[in-house]
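Examination of the molecular architecture
So you can see what is in the structure, the chains are spelled out below.
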Amino acid sequence: MRRRVVLAAGVAAIGALTGPQPAVASTRRRIVVAADGRGDVTNVQAAVDAVPAGNAEPFHIDVRPGAYHGQVIVPADKPHIVMRGLGRRPGDVVVTDDRANGTPKPGGGTWGTSGSASVTLDGADFTAENLTLSNSFDEAAHPEITARQAVAVLTRADRIAFRGVRFVGNQDTLYVNSRSSTTVARVALEDCYVEGDVDFIFGRATAAFTRCHIHSLDRGSDSNNGYVTAASTSISNPYGLLFDRCRFTGDAAPGTVFLGRPWHPSNDPDAIGQTIIRDSVLDAHIKAAPWTDFGTWPWREARYFEYRNRGPGAGVNDDRPQLTREQAGAFTPAGYLAGADGWRPFC
């Protein structure tokens, strides 16, 4: 059974009810978003629009509890945004949209996978804390849309950081990408929650998940309830997706969820996905042979490794390549994220 995003109780979902709002003309470096009108603006995109182009210092967008409908796009010329939910819990602030790959566009045609994203981040040095970013597309209500990709968040910029953020969707929930196949973009996630079913963490970015909760939904199958990851890391990039001290849980039946499969966008032969899961707890929904082929692309040619995992879904066998202790020393969140500039997002 698939869950849909639950909006915060007792608050108004206003984004769809208000038209475009003018940017706030101010030299302040903080904007408050409030659904009840008691802030500077009433939707998140209006706050982003108020950030000056070429922004070179942290610009804070504080979002009061509420449910905010509508697509949010942070353009490349608006870096250094800090978006923070002001609720007691991440679920108190929900930013959501409900389009999918195949949803009709207002002016004709349909959205694709990237265009389905509720939140698109093209501005570098973006930080989000203590809120929920979701795609609330209802598959059952739209049988006419056969594609099921419905992205909650798409990142394409470098130095993106999430702490205490919930990512909620079904297929393709979190798309960590970069501007091109030859460009490295880093994403740091600490104490986050990611939920979905098919390929719900995917893309070619370098992304380090630390102490995150990764939850697989039930698709109702007794054999295949989906895939956690679909990395498309360039062969020139030694760092793809890393999960360190995470917990993998699921509503699905035991032994019915794969950890990953290798995605080759446009059949790119150089997209040799890299995914490492280490020092993590894997519940019983994970298959004993947790990696699988993607079409004609074999998983054994990808860079898949585990290290010191535990729990009923963990194991060591011929279908589960393991890092050595020496290799594990090189594959850490700090190593993934440092780059040439020594980036330390949470210090």
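Residues numbered from 1 in each chain as written. Predicted model: local features only at pLDDT ≥ 70, side-chain atom pairs only at ≥ 80, totals over all residues. Heavy atoms only, no water.

Digging into the overall build of the protein
When helices and strands are tallied, the protein shows three helices and 23 strands. Scaling as 2.2 N^0.38, a compact globule of 347 residues should have a C-alpha radius of gyration of about 20 Å, and the protein matches this with 19 Å. Considering only C-alpha atoms, the protein reaches an extent of 60 × 45 × 40 Å along its principal axes. When the 347 residues of the protein are sorted by exposure, 54% land in the buried category. (Helix = DSSP H or I, 4+ residues; strand = E, 2+ residues; numbered from the N terminus. Rg over C-alpha atoms; globule rule 2.2 N^0.38 Å. Buried < 20%, exposed > 50% of the residue type's maximum accessible area, 1.4 Å probe, protein only.)

Regarding the nonpolar core
Within the largest apolar cluster, 63 residues are counted, with the highest numbers of intra-cluster contacts made by Phe162, Phe167, Leu189, Phe209 and Ile214. A per-element tally of this core places helix 1 (residues 44–50) first, with five residues. (Core = buried A, V, L, I, M, F, W, Y, C linked by side-chain atoms within 4.5 Å.)

Some words on the side chain of Asp122
Looking at where Asp122 falls in the secondary structure, it is placed in the loop between strand 7 (119–121) and strand 8 (127–135). Here the side chain of Asp122 touches Arg156 through a polar contact of 2.8 Å, side chain to side chain. Those residues in contact with Asp122, other than ones at most four positions away along the chain, are Val74, Pro75, Ala76, Arg156, Ala157 and Arg179. (Polar contact = N/O pair within 3.5 Å; in protein donor to acceptor, adjacent residues only side chain to side chain. Contact = heavy atoms within 4.5 Å.)

Concerning the state of the cysteines
One pass over the full model with this rule turns up zero disulfides. The thiol sulfur of Cys212 is not disulfide-bonded, and the nearest other cysteine sulfur, from Cys192, lies at 4.7 Å. (Disulfide = S-S within 2.5 Å.)

Comments concerning the environment of Gly102
Along the chain, the position of Gly102 falls in the loop between strand 6 (93–97) and strand 7. A relative accessible area of 24% means that Gly102 is categorised as partly exposed. Sequence separation between Gly102 and Gln149 is 47 residues; the distance between their C-alpha atoms is 8.6 Å. Sequence-distant contacts of Gly102, defined by excluding residues within four places in its chain, comprise Thr110, Trp111 and Ile145.

Description of the pairing of strand 19 (residues 247–250)
As defined by bridge partners, strand 16 (residues 213–216) adjoins strand 19 across four bridges and the pair is classed as parallel. Bridge pairing in strand 19 places His213 opposite Arg247. Relative to strand 22 (residues 281–282), strand 19 is paired through two bridges, and the arrangement is parallel. Across the sheet, Arg247 pairs through a bridge with Val281, a residue of strand 22. (Pairing = 2+ DSSP bridges.)

Description of the pairing of strand 1 (residues 30–33)
Sheet analysis places strand 1 next to strand 2 (residues 59–63), joined by four bridges and oriented parallel. Bridging across to strand 2, Val33 finds its partner in Val63. Each parallel crossover has a hand, and for strand 1 linked through helix 1 to strand 2 it is right-handed. (Right-handed = clockwise from strand over helix to strand, strands pointing away.)

Description of the confidence of the model for the protein
When the pLDDT values of the protein are averaged, the result is 92; 92% of them are 70 or greater. Predicted confidence for residues 1–26 stays below pLDDT 50, and this span has 56 contacts to residues more than four positions away or in other chains. (pLDDT = per-residue confidence, 0-100.)

Some words on the pattern of salt bridges
Evaluated as defined, the whole model comprises 24 salt bridges. A salt bridge links Asp92 to Arg89; its shortest N-O distance comes to 3.5 Å. The partner of Glu190 in a salt bridge is Arg163, with the nearest N and O atoms 3.3 Å apart. Here Glu190, found in strand 12 (residues 186–190), pairs with Arg163, found in strand 10 (residues 160–168); they are 27 residues apart in sequence, far enough to count as distant. Through salt bridges with shared partners, a single ionic network connects Asp125, Asp158, Arg159, Arg186 and Asp341. (Salt bridge = Lys/Arg side-chain N within 4 Å of Asp/Glu carboxyl O.)

A short note on the sheet that holds strand 11 (residues 174–176)
A sheet is described by the order of its strands in space; here seven strands give the open sequence 4-7-9-11-14-17-20, paired in parallel fashion. Two strands lie at the open edges of the sheet, namely strand 4 (72–74) and strand 20 (258–260), each paired on one side alone. When the angles between neighbouring strand axes are averaged without regard to direction, this sheet yields 15 degrees. Two elements, strand 9 (residues 153–155) and strand 11, share three bridges in a ladder whose sense is parallel. From the neighbouring strand, Leu154 faces strand 11, where its bridge partner is Tyr175. (Axes fitted to C-alpha atoms, helices over the stretch in contact; angles between N-to-C directions.)

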